[in-house]
Amino acid sequence: MTGGAMDPLPAAPVAAAAEAEADEEGDPPAADPPVPQVGEQRAPDAGRMQMPPGNPLLLSLTLQELLARDVVQVELIPEKKGLFLKHVEYEVSSQRFQSSVYRRYNDFVVFHETLLQKFPYRMVPALPPKRMLGADREFIEARRRALKRFINLVARHPPFSEDVVLKLFLSFTGPDVQNKLKESAQYVGDEFVNCKLAARAKDFLPADIQAQFAISRELIRNVYNSFYKLRDRAERMVSRAIDSAADLLVFGKELSTLGSDTTPLPSWAALSSSTWGSLKQALRGLSVEFALLADKAAQQGKQEENDVVEKLNLFLDLLQSYKDLCERHEKGVLHKHQRALHKYSLMKRQVMSAAAHNREPESVEQLESRIVEESVIQTMELRNYFSLYCLHQETQLVHVYLPLTSHILGAFVNSQIQGHKEMSKVWNDLQPKLRCLFAGPHGSPPPQDGLPPH
């Protein structure tokens, strides 16, 4: 990991107050991860306008370093019959941990929930939908691909990759990984509680964080829309390649069927029997080349599905997780933060009113309650800035992935060049075999346009 801000560090002394705020009336359900939002506008501070060298806010990662963190394979293993329904298991293999474990979809669900619980201010990719009744092979394969993208994004994410919950998921071979995952996160709190820099996150943020956040969000929204369209067209091209392969195969088989026809010629066509026999022999030989053409087209479609469509889907999954994070940021902690500030202002007005009317001093219980209130407000303020701190880093992480575009385009261009080159060779090898189809009665070659003479 790069940057000390990513490492889990000793808890800040504001954890208990954060829990007290969750019990206030009208709070969102506790199951929802806390979510921050853009902080209040503040006057630019010359000391913070230029971030100091070694700022833990900054990520110093390249795409190659990110991809080299781990490569995780997710493969289907044969279905097992349960009491009522079959269930699907996956073999999950990690290069980094040199491990291979079996996981079910529900294991991924618990792992996903644990990540959201521990890292509510980070990009946690979404899981594919749960299996529905009557799910076919196509659905199961699509979900396997989606789970593979999910676990690779998680395994390469800087904070996630150093957390014990990832190592448990990728290497624990015990009988109940779900309980093990839940236990690992039961009493440790979220990243805000465990990060030593959480209380000072505001000091590392640029003064124009609000403007940066708005610009980045708009940029990534536009990038997502464009990549979505690119993925859609790439899928259509792959589908056309597979359809073309099937058509070429059927075309060749029909030529072979035509050449293998044993129906005798009628007497009035007996003079042409030698011509028809030569034609059938030539047609039978063409099926081999058309089968090879079909195989080349299918290989090209499969290669582009793996190297182009899947990489586009990976990047789209990342961008979608960023969009989800922005929504959590706006609807979660910001909402709580604003409500806490409202309570704080009411409390201050009450104190001023009491002082103006020379009321009795507050009881011990009232003072303790007021201290708790103030502590909760301070905690929400700190969470708000820590959320922005994490969001700034996640934005950088998205930009680290942007050069993946060149990888995708390179794979697409190379696939097209190689595919057309291989198919062109087969077409060229096929051309000489067509001469006998148009040969005249005395074996004369066909004219240059390839059509029989009138």
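Cut-offs used in this document
- Residues numbered from 1 in each chain as written.
- Predicted model: local features only at pLDDT ≥ 70, side-chain atom pairs only at ≥ 80, totals over all residues.
- Heavy atoms only, no water.
- UniProt positions renumbered as here; feature names shortened; annotations may be inferred.
- 1 Å grid on protein atoms, 1.4 Å probe; cavity = no way out; pocket = protein on both sides within 12 Å on 5 of 7 lines; lining within 4 Å.
- Points joined across faces, edges and corners; volume = space filled by probe spheres on them.
- Helix = DSSP H or I, 4+ residues; strand = E, 2+ residues; numbered from the N terminus.
- Buried < 20%, exposed > 50% of the residue type's maximum accessible area, 1.4 Å probe, protein only.
- Lys, Arg positive; Asp, Glu negative; His and termini not counted.
- Salt bridge = Lys/Arg side-chain N within 4 Å of Asp/Glu carboxyl O.
- Polar contact = N/O pair within 3.5 Å; in protein donor to acceptor, adjacent residues only side chain to side chain.
- Core = buried A, V, L, I, M, F, W, Y, C linked by side-chain atoms within 4.5 Å.
- Contact = heavy atoms within 4.5 Å.
- Axes fitted to C-alpha atoms, helices over the stretch in contact; angles between N-to-C directions.
- Parallel < 35°, antiparallel > 145°, perpendicular 65-115°, else oblique.
- Nonpolar A, V, L, I, M, F, W, Y, C, P; charged D, E, K, R; others polar.

If you check an unreviewed UniProt entry, the protein chain appears there as Sorting nexin-8 isoform X2 from Vicugna pacos. The record held by UniProt for the protein chain lists under Subcellular location (unreviewed entry) the comment "Membrane". You can read under Sequence similarities (unreviewed entry) in the UniProt record for the protein chain the words "Belongs to the sorting nexin family."

Colleague: Tell me about the layout of surface pockets, and name the residues and values.
Modeller: Approximately 540 Å³ is the volume attributed to the second largest pocket. What lines the second largest pocket is a set of 25 residues, among which Ala142, Arg145, Glu235, Glu310 and Asn313 lie closest to the centre. Of all the secondary-structure elements, those providing two or more residues to the lining of the second largest pocket are helix 5 (137–156), helix 11 (209–259) and helix 12 (273–331). Broken down by element, the lining of the second largest pocket gets its largest block of residues, nine residues, from helix 5.

Colleague: How would you summarise the side chain of Lys280 if you had to cite specific residues and measurements?
Modeller: Take Lys280: it is sitting in helix 12. No salt bridge forms around the buried Lys280; measuring N to O, its nearest opposite-charge neighbour Asp261 is 5.3 Å away. A polar side-chain atom of Lys280 sits 2.7 Å from the main-chain carbonyl oxygen of Asp261.

Colleague: Help me get a handle on the nonpolar core, residues and values and all.
Modeller: Among the nonpolar cores identified, the biggest contains 32 residues, and Phe315 and Tyr401 are the most heavily contacted of them. Only helix 3 (63–67), helix 11, helix 12, helix 14 (364–401) and helix 15 (404–430) provide two or more residues apiece to this core. A total of 11 residues in this core trace back to one element, the largest contributor, which is helix 12. Dropping the residues within four chain positions of it, Tyr401 is found in contact with Leu63, Leu66, Leu67, Leu153, Arg156, Phe315 and Leu318. If you look at the next biggest cluster of nonpolar residues, it comprises 29 residues, including Val88, Ile151, Val154 and Leu166.

Colleague: Kindly report on the packing of helix 4 (residues 105–118) against helix 7 (residues 164–171), identifying the contributing residues and their values.
Modeller: Running from amino to carboxyl end, helix 4 crosses helix 7 at an angle of 170°, the nearest separation of the two axes being 10 Å. Regarding the angle of helix 4 to helix 7, the classification is roughly antiparallel. Packed against helix 4, whose contacting residues are Asp107, Phe108, Phe111, Thr114, Leu115 and Lys118, the element helix 7 presents Val164, Val165, Leu166 and Phe169 at the interface. Partitioned by chemical class, the residues of the contact of helix 4 with helix 7 number seven nonpolar, one polar and two charged.

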